[in-house]
Amino acid sequence: MKKPKELLSAFEKSVYEATAKIPCGRVTTYAEIARKIKKPGSARAVGNALNKNPFAPKVPCHRVVKTDGTVGGFASGSEKKKVILKKEGIQFNNEKILHFNEKFIKL
DNA sequence: GTCGTGACTAGCC
DNA sequence: CGGCTAGCCACGA
């Protein structure tokens, strides 16, 4: 038996796990996910993990946005991200989320 | 071990 | 509001 090589680092797994916990119709921020996994300040690394997102669509990476209420980025395009979130019940004003404080869920 | 890159954040002008 | 800088972390080459 050979050692099952880790395709992903523990850090990235934690990111997907935390992201998968986001309920429908709600959004969270990269910083909150980073905080949730006990690695505050690693918002940038969180973005890197979601960009790879090998668990998509199991992991709703589109529910993760920036701290200022903007959609941030998305592997398939920020436009697509907004469309998906609109279907979830989130509304937008250009790149900005409406009622962000209301939709934002703290992990 | 070092460098470059990135879906980030906060501060400053 | 828009644009720029510096700081931050993790990964791949």
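Residues numbered from 1 in each chain as written. Chains lettered and ligands numbered in written order. Predicted model: local features only at pLDDT ≥ 70, side-chain atom pairs only at ≥ 80, totals over all residues. Heavy atoms only, no water.

1. Here's the deal with the side chain of T29
Reasoning step 1: As for its position among the elements, T29 is in strand 1 (residues 28–29).
Reasoning step 2: Residues within four places of T29 in sequence aside, it is in contact with V64, V65, K66, T67, F100 and F104. (Helix = DSSP H or I, 4+ residues; strand = E, 2+ residues; numbered from the N terminus. Contact = heavy atoms within 4.5 Å.)

2. What about the confidence of the model for chain A?
Reasoning step 1: With 95% of its residues at a pLDDT of at least 70, chain A reaches an overall mean of 93.
Reasoning step 2: Ranking the elements of chain A by mean pLDDT puts strand 3 (residues 92–93) last, at 93, and strand 1 first, at 97. (pLDDT = per-residue confidence, 0-100.)

3. Focus: the pattern of salt bridges
Reasoning step 1: Tallied over the entire structure, the rule returns five salt bridges.
Reasoning step 2: A salt bridge links R63 to E88, with the nearest nitrogen and oxygen atoms 2.9 Å apart. Here R63, found in the loop between helix 3 (43–52) and strand 2 (64–65), pairs with E88, found in helix 4 (residues 78–88); they are 25 residues apart in sequence, far enough to count as distant.
Reasoning step 3: A salt bridge links K82 to E79; the shortest N-O distance between them is 3.5 Å. Of this pair, K82 and E79 both sit in helix 4, three residues apart, which is roughly one turn of the helix. (Salt bridge = Lys/Arg side-chain N within 4 Å of Asp/Glu carboxyl O.)

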